[in-house]
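Notes for the structure review
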Amino acid sequence: MALFRKNKKASKDYEKSMLPQSRRAVFFDVVKLQWSKLLLLAAIVLISALPLFLIAVYEDTYILTVAEDPGIAQETIPALIAPLHIFCAVLSAPCLVLFFLGLSGVIRVVRQLAWEENAMVFPDFLVGFRQNWKQFLPVGVLFGLSYTVAKIGFHSALATQANSVWIQGILLGLLIFLVAPLVACCIVVIAVYNNGFWDNLKLAAYVYLKNPIKTVISMLPAFGPGVAVWLIPHLQLHLIGSIPAIMLFTLGLLGWTLFVFNRLDAHYNATEYPELVGKGVGGK
């Protein structure tokens, strides 16, 4: 049986009674006491997302130019900008892989904070990258390709004004209700267990399918606000809102990690790794 990933020992051991009494309390405890580390993590996430940001700004600028051209009829705009959307969707795939490679180091620091363990942002980021990048690479490829296919299908249907709402619905549905939750669970599982990629992927699918509705609903507050700022096609929103969006995403990643820890405790750790049940929570 695979061992869970070892973590650094804190410089000072805490009594159980000193720890927050729930994972919800852990979230607020980390935000209150470790906010400077969260800011550093957000900076790393921002650097990882920079290529995606540049693509979004380029896409917005082109669309704005076309929309403000008085010689272009409004009804023809979807067809005119469809090639741009497709081009940017293709570019986004490798950029999303780079983003996930950045997350491979970030998630270790988040794990340490969620366990109320000692965390040093840059050293732990480098350790996490070395441990996780080989598994985050296929995860990033999976999400990047799924996002690209969904975006191409959506804008192709708009451009042709085809009666293909059902195709758009299927592509977006697969991305939102299958790929995204599976990937979101998987990045936490990879950070915890020293399993092979397929074992971690199967465990992530098992945790997700145990309660898919609750998982998807929990993803909305965790990632919805931060991701929405990037997905809404609005140049000023991207220029002004990117920093807050990255902060919201980083906080959401912490909250999501704690949520997945609860799911793992309930459906896996209780029988396989009892020493991980309630890790970082007092009174457990």
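From a predicted model like this one, the values you see are computed outputs, not experimental measurements.

The rules behind the values
Residues numbered from 1 in each chain as written. Predicted model: local features only at pLDDT ≥ 70, side-chain atom pairs only at ≥ 80, totals over all residues. Heavy atoms only, no water. Helix = DSSP H or I, 4+ residues; strand = E, 2+ residues; numbered from the N terminus. Polar contact = N/O pair within 3.5 Å; in protein donor to acceptor, adjacent residues only side chain to side chain. Contact = heavy atoms within 4.5 Å. Phe/Tyr/Trp six-rings, centres within 6.5 Å; stacked < 30°, edge-to-face > 60°. Buried < 20%, exposed > 50% of the residue type's maximum accessible area, 1.4 Å probe, protein only. Lys NZ or Arg CZ within 6 Å of the ring centre and 35° of its normal. Axes fitted to C-alpha atoms, helices over the stretch in contact; angles between N-to-C directions. Parallel < 35°, antiparallel > 145°, perpendicular 65-115°, else oblique. Nonpolar A, V, L, I, M, F, W, Y, C, P; charged D, E, K, R; others polar. 1 Å grid on protein atoms, 1.4 Å probe; cavity = no way out; pocket = protein on both sides within 12 Å on 5 of 7 lines; lining within 4 Å. Points joined across faces, edges and corners; volume = space filled by probe spheres on them. Core = buried A, V, L, I, M, F, W, Y, C linked by side-chain atoms within 4.5 Å.

**Concerning the side chain of Asp265**
Residue position: Asp265 is located in helix H8 (residues 235-272). A polar contact is formed between the side chain of Asp265 and the backbone nitrogen of Gly278, at a distance of 2.9 Å. Discounting chain neighbours no more than four positions away, the residues touching Asp265 are Arg23, Ala270, Leu276, Val277 and Gly278.

**So, the side chain of Asn269**
Considering the arrangement of structural elements, one finds Asn269 in helix H8. Discounting residues that sit within four places of it in the chain, Asn269 has contacts with Tyr193, Leu264, Pro274, Leu276 and Val277.

**Describing the packing of aromatic side chains**
Considering all chains together, one arrives at 12 aromatic pairs under this definition. Ring geometry for Tyr193 versus Tyr268: centroids 5.4 Å apart, planes at 90 degrees, classification edge-to-face. Highlighted residues: Tyr193 in the loop between helix H5 (165-192) and helix H6 (197-210) and Tyr268 in helix H8, separated in sequence by 75 residues. Overall, Tyr268 belongs to the buried group, its relative accessible area being 17%. Taken together, a centroid distance of 5.2 Å and an interplanar angle of 70 degrees make the contact between Phe197 and Trp198 edge-to-face. An aromatic cluster of three or more residues is present, and its members are Phe99, Phe100, Phe143, Phe223, Phe249, Trp256 and Phe259. Here the basic side chain of Lys279 rests over the ring of Trp115, its NZ or CZ set 5.0 Å away from the ring centre.

**What about the packing of helix H2 (residues 35-67) against helix H3 (residues 77-114)?**
Packing of H2 against H3 leaves a shortest axis separation of 9 Å and a crossing angle of 175 degrees. Judged on the interaxial angle alone, H3 and H2 are roughly antiparallel. In terms of residue class, the contact of H2 with H3 is made up of 28 nonpolar, 4 polar and 2 charged.

**Topic: empty space enclosed by the protein**
Per the counting criterion, the structure on display carries 1 cavity of 30 Å³ or more. If you add up the space inside the largest cavity, you get close to 50 Å³. What lines the largest cavity is simply Arg23, Trp115, Val192, Tyr193, Phe261, Leu264, Asp265, Asn269, Leu276 and Lys279. Residues of the lining of the largest cavity, tallied by class, amount to 6 nonpolar, 1 polar and 3 charged.

**Observations regarding the nonpolar core**
Of all hydrophobic cores here, the largest spans 82 residues; its most connected members are Phe100, Leu103, Val106, Phe143, Tyr193, Trp256 and Leu264. At the level of secondary structure, the elements contributing two or more residues to this core comprise helix H1 (23-33), H2, H3, helix H4 (121-160), H5, H6, helix H7 (212-231) and H8. In terms of residues, this core owes the most to one element, H3, which gives 15 residues. Setting aside its immediate chain neighbours within four residues, Leu264 contacts Val189, Tyr193, Leu203, Val207, Asn269 and Ala270.

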